[in-house]
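# Topology and contacts: notes
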Amino acid sequence: MEGTAKQEVIRQLQEKILKLEGFKPHTGILNRIDFGLADIESAFPFGTFPTAAVHEFISPTAVHATATNGFIASIVAKLMHAGNFCLWISTKRSLSPIGLTHFGIAPHQVIFVDITQHKDALWVMEQALKCNALAAVVAEMEEVSFSESQRLQLAVEKSNVTGFLHRRRPRHENTLACVSRWKIRSIASRVPDGLPGVGYPTWEVSLEKVRNGRPGKWQVSWQNNQLVHLSKEAITRTARPNHEQYA
Amino acid sequence: MPRRYMCIWLPFFGTDRAEKEQPERRKAPFVLTLAQNGRVKIQAANRPALQEGISCGMVLADAQAILPQLESAIYDANSLNQTLQALGEWCIRFAPIVDLQAPDGIVLDISGCTHLWGGEEKYGNHIIDRIAQGGYQAQAAIADTIGAAWAAARHTTRLSIIPKTQQAQALSGLPPAALRISLQIQQRLHKLGFRYIEEFMHIPKSTLRRRFGDELIYRLGQALGTEQEHISLIEPIPSYQERLSCLEPISTCTGIQTALEQLLTTLCDRLRKEGKGLRQAVFRGYRIDGNVQTIHIGTGRASSNPTHLFKLFDLKVPNIEPALGIELFVLEATLTENSILPQEGLWQTKGGQSEIAELLDNIAAKIGSGSIHRFLPSAHHWPERTIEPTSSLDTQPQSDWPSHALRPLHLLAHPEPIEVMVPLPDYPPALFRHRKKIYKLVKADGPERIEQEWWISDEQPRDYYRVEDEKGARYWLFRSGYYGQGDPEWFLHGYFT
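Residues numbered from 1 in each chain as written. Chains lettered and ligands numbered in written order. Predicted model: local features only at pLDDT ≥ 70, side-chain atom pairs only at ≥ 80, totals over all residues.

## Details of the overall build of chain B
Per the secondary structure count, chain B includes 14 helices and 20 strands. By residue count, 32% of the 497 residues in chain B fall in the buried class. Long-range contacts, defined as pairs at least 24 residues apart, comprise 55% of the intrachain contacts of chain B with a sequence gap of at least 6. (Helix = DSSP H or I, 4+ residues; strand = E, 2+ residues; numbered from the N terminus. Buried ≥ 20, exposed ≤ 12 C-beta atoms within 10 Å, placed from the backbone. Contact = placed C-beta atoms within 7 Å.)

The following block contains the structure:
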């Protein structure tokens, strides 16, 4: 009896801390956006994908970057449901607007900002994150330092815009003040009964870090405008470390 | 109140303008011509041409028979009118009320202006000299009535001043054509032997009206001052300019920002009242050593929001070098547009386009507008031409985005050549080599043939394959050209997710 009371106190305290850290449980149905992430959502605090935060994605090669952009696009599409604009900042853009239609994004609702200077890209991202008329801000760049990411986090806390920081071929994977760190890898597509041809886009999504959540690894496939989980046996959930220090 | 008018006549307006463009025309006989009723007629001739006996209204062929080396150009009435309009606007500096007398005259209401130049003679000479500096020969006359000034400007010397109430004497020695009457009446007067205005000036009106109609009476009255004549004035283009002079020279950043803020508030208030928005603006700081520091901004959409405009300027304020101090600030809107006032929303939704427009302005001001892109679908099936850029935030696509075929998420700007191993012609490749790395392919879809759009280009068609390698990466490859017609080339064009 005493033990359950203690647990309840701890649970309430944890919720309080989460609220202080900016995570809000979505109470109303209207507020809640269904990201279609299915099982992945259980990894997040309160079981919802954290909006109004900056997510970090790391991709070491061009192939990984494509898979990562596909995954980001599938989430951004849900954020843009009300016909809002999204800003896509890149230093070396190869993203094709036509390809976004496949993920449910109307490409004319995306504003591309192509920048050559890394410093400018960060400035644009910070400015964009302060503009709460945008649905989401995606930035593709190489290096970001911890203090730079702190600035982005501060901007996001005021405006409630969701930011996606996609680091392509970073020299080292330094810690950032982001809410999560993802790595998306494309894996062999599955074709039923050995039929010829290429199947649906299939990815291995690994959530390496998430603040107040449980990191994990999932295999998903993008089929008919939704994420579908592949066989359960591939999922290997990593144990939660005892004490993790994130920014 | 008695008024004084000045008429300026530019006798060689058309040819002077053409000579300004090509100064070598000045020496030789030169005419401007216009095709009328199947004949090319001379509309304007310069002084050397007139001296050779060529006059306006002659047929060009006749004139060239007299003078084979005669140069000619086309008479462009529209651009001449624009030039005259510009000249009229320029004349507003001499008198507040200015009107044009097309095709080659300007009339100024100079009542109460001339004493600033030290009398009518100095005033008139000054204007004629200034116009001559600009490359136009001018003649002018000052009189109590527009009619008299018009007549004197065209029929006497360089500058003639008709003293107050003496227009009757001045007109008496001039031919009837000086009265701005139609050619028909001029000819009838000539037929009846009236060579000068004085010969019919004192004939009773009723007699004149019976013979020549109302027009002659009316024009004569206007010249003598018994009939009223109104002029429609040229409206000067409103300049959106605000000035702020400082008691002490300003040399700090905060000082400059305060000045800028003040100027912006007053300018934006004015713009908002007139329903306008600013597209381009320039902020100048006049330094005490005579130097002028300038910063420019531009907006993507007409704006009269001072805080937003301030932000745009603020990015550039560090470029100002105040040195010893700035004593005068001038803010001018160089380009304005009518702005559509935003409708108040009943429910404030999250689609604030103006906020995004302001954000993009900020980005454009810092990095350059060339870095911002938005795309609309374009009705082409060739992969490189399926999108077209648009510069506006409001344009909506005219056609749907193509969704029938799978297109890669990452498309290379230029297809990169690869080497492939193909087991059989028209089969998908079994492996390809790109940048010295070998990729073994296990799955493939295709081919999807994309033909060239023959109305744009006549190069080879492409056969696209969607392939997957053993690691799970998916690529978009294509073969350019057909088998059996030389060696087909292979390229990597994109990455699928």
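Once you've had a look at it, read on.
## Observations regarding the overall build of chain A
Each helix and strand counted, chain A has five helices and nine strands in total. Going from N to C terminus, chain A has its helices and strands arranged as α-β-α-β-α-β-α-β-α-β-β-β-β-β. Within chain A, the proportion of its 247 residues that are buried is 42%. Counted over contacts in chain A with a minimum sequence separation of 6, partners at least 24 positions apart contribute 69%.

## Notes on the nonpolar core
Core analysis: the largest hydrophobic core is formed by 90 residues, its most contacted members being Val76(A), Cys86(A), Leu134(A), Ala136(A) and Leu477(B). What Val76(A) contacts, discounting residues up to four positions off in sequence, is Cys86(A), Ile105(A), Ala136(A) and Val138(A). Counting residues in hydrophobic clusters, the runner-up holds 47 residues, among them Cys7(B), Leu108(B), Phe212(B) and Ala223(B). (Core = buried A, V, L, I, M, F, W, Y, C linked by C-beta atoms within 7 Å.)

## Points about the pairing of strand 8 (residues 216–223) of chain A
All names here are of chain A. Alignment of strand 7 (residues 202–210) against strand 8, held across six bridges, turns out to be antiparallel. Bridged to Ser 206 within strand 8 is Lys 217. In this structure, the hairpin formed by strand 7 and strand 8 is closed by a connection of five residues, where Asn 212 is found at a positive phi of approximately 60°. One ladder, built from four bridges, connects strand 8 with strand 9 (residues 226–229); its direction is antiparallel. For Gln 223, the partnering residue across the bridge sits in strand 9 and is Gln 226. (Pairing = 2+ DSSP bridges.)

## A few points about the environment of Pro97(A)
Position of Pro97(A) relative to the elements: it lies in helix 3 (residues 97–100). Distance from Pro97(A) to His108(A), taken between C-alpha atoms, is 8.1 Å for residues eleven residues apart in sequence. Residues in contact with Pro97(A), not counting those within four places in the same chain, are Pro107(A), Val110(A), Phe375(B) and Ile387(B).

## Regarding the interface of chain B and chain A
Contact residues are listed per partner, giving 42 residues for chain B and 41 residues for chain A. When residues in the side of chain B that touches chain A are grouped by element, the largest group, seven residues, is from helix 14 (residues 353–367) of chain B. When the residues that make up the side of chain B that touches chain A are grouped by side-chain class, the tally is 21 nonpolar, eleven polar and ten charged. Judged from the two bridges that link them, strand 3 (residues 110–114) of chain A and strand 13 (residues 372–377) of chain B form a sheet pairing that is antiparallel. By the bridge assignment for strand 13 of chain B, Val113(A) is matched with Ile372(B). (Nonpolar A, V, L, I, M, F, W, Y, C, P; charged D, E, K, R; others polar.)

## Considerations on the packing of helix 10 (residues 205–212) of chain B against helix 11 (residues 214–224) of chain B
All names here are of chain B. Contact pair helix 10 / helix 11: the axes reach a minimum separation of 7 Å and the direction vectors enclose 130°. Relative to helix 11, helix 10 is oriented oblique. Across the interface between the two elements, Lys 205, Leu 208, Arg 209 and Phe 212 from helix 10 touch Asp 214, Leu 216 and Ile 217 from helix 11. In the contact of helix 10 with helix 11, the residues fall into four nonpolar, no polar and three charged. (Axes fitted to C-alpha atoms, helices over the stretch in contact; angles between N-to-C directions. Parallel < 35°, antiparallel > 145°, perpendicular 65-115°, else oblique.)

## Some thoughts on the packing of helix 13 (residues 306–314) of chain B against helix 14 of chain B
Residue and element names in this part refer to chain B. Following both chains from N to C, one finds helix 13 and helix 14 inclined at 15°, their axes separated by 9 Å at the closest point. Judged on the interaxial angle alone, helix 14 and helix 13 are roughly parallel. The way helix 13 lies across helix 14 gives a crossing that is right-handed. Along the contact surface, helix 13 presents His 308, Lys 311 and Leu 312, while helix 14 presents Glu 358, Asp 361, Asn 362 and Ala 365. (Left-handed = near helix turned anticlockwise from the far one by under 90°.)

## Side note on the sheet that holds strand 20 (residues 489–496) of chain B
All names here are of chain B. In spatial order, the strands read 15-16-17-18-19-20; together these six strands close into a barrel with antiparallel pairing. Averaged over all neighbouring strand pairs, the angle between strand axes comes to 45°, with direction disregarded. Summarising the sheet, strand 18 (residues 462–469) and strand 19 (residues 474–480) pair through seven bridges and their orientation is antiparallel. By the bridge assignment for strand 19, Tyr 465 is matched with Leu 477.

## Here we look at the environment of Pro425(B)
Residue and element names in this part refer to chain B. Structurally, Pro 425 can be placed in the loop between strand 15 (410–421) and strand 16 (431–434). Residue classification places Pro 425 among the exposed residues on the basis of 10 C-beta atoms within 10 Å. Separated by 59 residues in the primary sequence, Pro 425 and Gly 484 have C-alpha atoms spaced 9.4 Å apart.

## Quick look at the confidence of the model for chain B
All names here are of chain B. Averaged over chain B, the pLDDT score is 87; the fraction of residues at 70 or greater is 97%. Here helix 14 is the element of chain B with the lowest mean pLDDT, 83, and strand 16 is the one with the highest, 93. Confidence drops under a pLDDT of 50 for residues 343–350, and excluding neighbours within four residues, the segment shows three contacts in the predicted structure. Listed scores for the predicted complex are pTM 0.61 and ipTM 0.84. (pLDDT = per-residue confidence, 0-100.)

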